[in-house]
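Here are the chains, one letter per residue:
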Amino acid sequence: NAEIAVFEVKKNGKNNICYFNNEMYSDFLDALRIERQLSAAIDNEDFLLLYQPQYDTRTNKLRGVEALVRWKNNGTIVSPNIFIPVSENNGSIILIGDWVINKAVSTLAKWKNELDYDGIMSINISTLQIKKEDFVRKLKAVIDKYYVNPEDVEIEITESVLIEDLEGIISKINTMRAYGIKVSLDDFGTGFSSLAYLKDLPIDTLKIDKSFIDGIASDSSTAIITQSVIAMVKQLGVITVAEGVESKEQFEHLKKMNCDNIQGYLLGKPMSEDDIAKLIMQKQE
Ligand code: C2E
Ligand code: MG
Ligand code: MG
Ligand code: MG
């Protein structure tokens, strides 16, 4: 790791020298390669959605599913953790995000019409997407196009969106909620100033991040904080979802803490549209 790649860049007649270590350089090459392949993927619509079930903690009833995007690249399935950050950097997240919204809402309509599905569809939205002036109008247009009930659509945002323009985002959240669309704060506990934002944010749902769930059965301070967050937001009328629940012990702790809903490998991994359809039909038998 002592090796360093050095680039000399001529700028304003001066020599500016940029230092990269090998790891940064290979990350940079990866990003370039992903960026080039992504633009072809967008043209070909080489994406797919998987859906992870969420269950009501008390009744074990299906509350809904979260749509999670994947990229089909030459026979391999690429994780969003790899390509979403690149697409956020080059702006292609807007096109990918539009595709995701259309696919998720049309799938919701299909399940409602064909399977009498009574759950919701949660959709992850990037900061760049929601910052666009026409975001809410475009979302509403898709919901209208497929004749779904806006109350069955939940938009997941993250704390990072709140840093730059809290007022602007709050006004968009209010517009969405006026239509009946649900708004959820994802990955709660991973950002900063969480409590300050909670005070002002008109959200329906809070998703407690896996990093908290990981510790609730083994670490008493994590358990105390999680329990307090659940009790506190319940008083604000906010529904809670625990993310990344992997063990029966975690489930039992969350049940005692009155966490409303559970999502995680313990109850179901992200799965195909057909597998969710089977699950919906089983529940109704
Ligand atoms: P997220 O929204 O917090 O989604 C939860 C992630 O945790 C998913 O990873 C899910 O597969 C994973 N997960 C759920 N339960 C468990 C568990 O019990 N154990 C473990 N180890 N993992 C669990 P995934 O699908 O790889 O997505 C990663 C992130 O990528 C998402 O985190 C979200 O931030 C982003 N993402 C996914 N789909 C989209 C999308 O359509 N648009 C945007 N903008 N971002 C997306
Ligand atoms: Mg999410
Ligand atoms: Mg999350
Ligand atoms: Mg996440």
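Residues numbered from 1 in each chain as written. Chains lettered and ligands numbered in written order. Predicted model: local features only at pLDDT ≥ 70, side-chain atom pairs only at ≥ 80, totals over all residues. Heavy atoms only, no water.

Q: It is not clear to me how the coordination of the magnesium ion (ligand 3) should be interpreted in this structure. Could you clarify?
A: Each angle at a metal carrying four tetrahedral donors should ideally be 109.5 degrees, and each at a metal carrying six octahedral donors should ideally be 90 or 180 degrees. Around the magnesium ion (ligand 3), the protein contributes the donor atoms Asp 186 (OD), Asp 187 (OD), Glu 243 (OE) and Glu 243 (OE), at 2.0 to 2.4 Å from the metal centre. Here the magnesium ion (ligand 3) and the magnesium ion (ligand 2) are spaced 4.0 Å apart, linked through Asp 186, which binds each one. Note that Asp 187 is positioned in strand β8 (residues 182-188) and Glu 243 in the loop between β10 (239-242) and α11 (248-256), a separation of 56 residues in sequence. Owing to a relative accessible area of 25%, Asp 187 belongs among the partly exposed residues under this scheme. On the basis of relative accessible area, Glu 243 is assigned to the buried category, the value being 11%. (Donors = N, O, S within 2.8 Å, 3.2 Å for Na, K, Ca; no water. Helix = DSSP H or I, 4+ residues; strand = E, 2+ residues; numbered from the N terminus. Buried < 20%, exposed > 50% of the residue type's maximum accessible area, 1.4 Å probe, protein only.)

Q: I tried to follow the pattern of salt bridges on my own but got confused; where do I start?
A: Pairs can form between side chains of opposite charge once their charged atoms are near each other. Taken as a whole, this structure holds 19 salt bridges when the rule is applied. When the shortest N-O distance is used, the salt bridge between Glu 273 and Lys 103 registers 3.6 Å. With Glu 273 in helix α12 (residues 273-284) and Lys 103 in helix α3 (residues 93-115), this pair connects stretches of sequence that are 170 residues apart. On the basis of relative accessibility, which here comes to 29%, the residue Lys 103 falls in the partly exposed class. Between Asp 214 and Lys 210 there is a salt bridge; the shortest N-O distance is 3.0 Å. Here the residues in one salt-bridge network are Glu 66, Glu 156, Lys 207 and Glu 243, joined through shared partners. (Salt bridge = Lys/Arg side-chain N within 4 Å of Asp/Glu carboxyl O.)

Q: What should I look at first to understand the confidence of the model for the chain in this one?
A: Low-pLDDT stretches of the model should not have their predicted coordinates read in fine detail. Looking at the chain, pLDDT values average 90 and 91% of them are 70 or higher. Here the predicted complex scores 0.91 on pTM and 0.98 on ipTM. (pLDDT = per-residue confidence, 0-100.)

Q: How should the packing of aromatic side chains be read in this particular structure?
A: The way to describe two aromatic rings as a pair is by their centre distance and the angle between their planes. Considering all chains together, one arrives at five aromatic pairs under this definition. Ring geometry for Phe 47 versus Trp 99: centroids 6.0 Å apart, planes at 45 degrees, classification tilted. Note that Phe 47 is positioned in strand β3 (residues 47-56) and Trp 99 in helix α3, a separation of 52 residues in sequence. The residues Phe 47 and Trp 99 share a single accessibility class, namely buried. For the ring pair Tyr 51 and Trp 111, a centre distance of 5.1 Å and an interplane angle of 70 degrees mean the geometry is edge-to-face. Of this pair, Tyr 51 sits in strand β3 while Trp 111 sits in helix α3, and the two are 60 residues apart along the sequence. The ring centre of Tyr 179 lies 4.8 Å from the NZ or CZ of Lys 140, which sits over that ring. When the ring centre of Tyr 265 is taken as reference, the NZ or CZ atom of Lys 269 above it lies at 4.6 Å. (Phe/Tyr/Trp six-rings, centres within 6.5 Å; stacked < 30°, edge-to-face > 60°. Lys NZ or Arg CZ within 6 Å of the ring centre and 35° of its normal.)

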